[in-house]
Structures are given as structure tokens and as C-alpha cells.
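Working through the structure, step by step
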Amino acid sequence: DLTAAEHFRMMAAEAAAEGVTFRINTAYRTMAEQERLYALWKNGKGNKAARPGWSNHQMGLALDIESANGTNTEFHWLTANAHRHKFKRTVASEPWHWEYVA
């Protein structure tokens, strides 16, 4: 989603100006990638994954920020500031998962 991407770029630039850098692990996912991740999760071998066709990653609205692990500067910066850029955490057990919410 181009709007989500632009909001993320603005958020990342603001964070960088404050010395905080984000590393994205995954953002957009194809159907095949979502099917693979869902199968891993269903077999107890991966993180929670939405059913294929239902993931906001597939819509270009979700991203996993590898550097936001729940206890570090990146996570704390996002917790305090992401809402201003229309991003929020939507999976309580995944501190790295953030979604654009228009």
C-alpha cells in the first residue's frame, strides 16, 4: 500500500533524526509466502500467522520490524510515537508487528 509505505518512510525519518533506526524483517507477503508461514504455524514450527487471504501483510498494511523486540529503544520509540504516523501494534504477543491503520 503506497500510503502505508509513505507513512512508514516519514516515521522512519523522524526516528532516524532521533538516532533510532528500524530494520524491517518482512512487510508485503505474497499468497505463497503467507501459505508457507501459516502452514508452519499450524504445525507448531513458526510464529502466529493469519490465514492466507486474511493477513494485512498481504494487503501491504503490516510490517514486522526486526529491531523492535519489546525491550529496546526501537520498541519504546514506536510505542511512544507510531500512533502519530497511523501505525499501531495489533498482535499483543509480537512486539515487532505493526500495522498502518488509516
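Above this text you will find the structure in question.
These lines cover the structure that appears in this document, whether it is placed above or below. (Residues numbered from 1 in each chain as written. Predicted model: local features only at pLDDT ≥ 70, side-chain atom pairs only at ≥ 80, totals over all residues. Heavy atoms only, no water.)

Below, the discussion takes up the overall build of the protein chain. Secondary structure assignment for the protein chain yields 3 helices and 4 strands. Along the protein chain, from the amino end to the carboxyl end, the secondary structure elements read α-β-α-β-α-β-β. Counting only C-alpha atoms, the protein chain reaches 40 × 30 × 20 Å along its principal axes. For the protein chain, buried positions account for 39% of its 102 residues. Across the protein chain, contacts joining residues at least 24 apart in sequence account for 60% of those joining residues at least 6 apart. (Helix = DSSP H or I, 4+ residues; strand = E, 2+ residues; numbered from the N terminus. Buried < 20%, exposed > 50% of the residue type's maximum accessible area, 1.4 Å probe, protein only. Contact = heavy atoms within 4.5 Å.)

This brings us to the packing of helix α1 (residues 2-17) against helix α3 (residues 73-81). Axis separation between α1 and α3 bottoms out at 12 Å; the angle between their running directions is 120 degrees. Taken as axis vectors, α1 and α3 run oblique relative to one another. By crossing handedness, the relation of α1 to α3 is classed as right-handed. When α1 is examined against α3, the residues Met11, Glu14 and Ala15 are found in contact with a partner set consisting of Trp77, Leu78 and Asn81. Residue composition of the contact of α1 with α3, grouped by class: 4 nonpolar, 1 polar and 1 charged. (Axes fitted to C-alpha atoms, helices over the stretch in contact; angles between N-to-C directions. Parallel < 35°, antiparallel > 145°, perpendicular 65-115°, else oblique. Left-handed = near helix turned anticlockwise from the far one by under 90°. Nonpolar A, V, L, I, M, F, W, Y, C, P; charged D, E, K, R; others polar.)

Residue alternation in strand β2 (residues 62-65) divides its side chains into two sets, Ala62 and Asp64 and Leu63 and Ile65, and both sets are buried. Bridge count for strand β1 (residues 24-26) against β2 is 2 bridges, and the pairing is antiparallel. Paired with Ile24 across the two strands is Ile65, which belongs to β2. Direction of pairing for β2 relative to strand β4 (residues 97-100): antiparallel, over a ladder of 3 bridges. Looking across to β4, one finds that Asp64 is bridged to His97. (Pairing = 2+ DSSP bridges.)

Our focus in this paragraph is the pairing of β4. A regular strand carries its side chains on alternate faces of the sheet. By the alternation rule, side chains of β4 split into His97 and Glu99 and Trp98 and Tyr100, which are all buried. Where strand β3 (residues 87-89) meets β4, 3 bridges bridge the pair, whose relative direction is antiparallel. Within the sheet, the bridge partner assigned to Lys88 lies in β4 and is Glu99.

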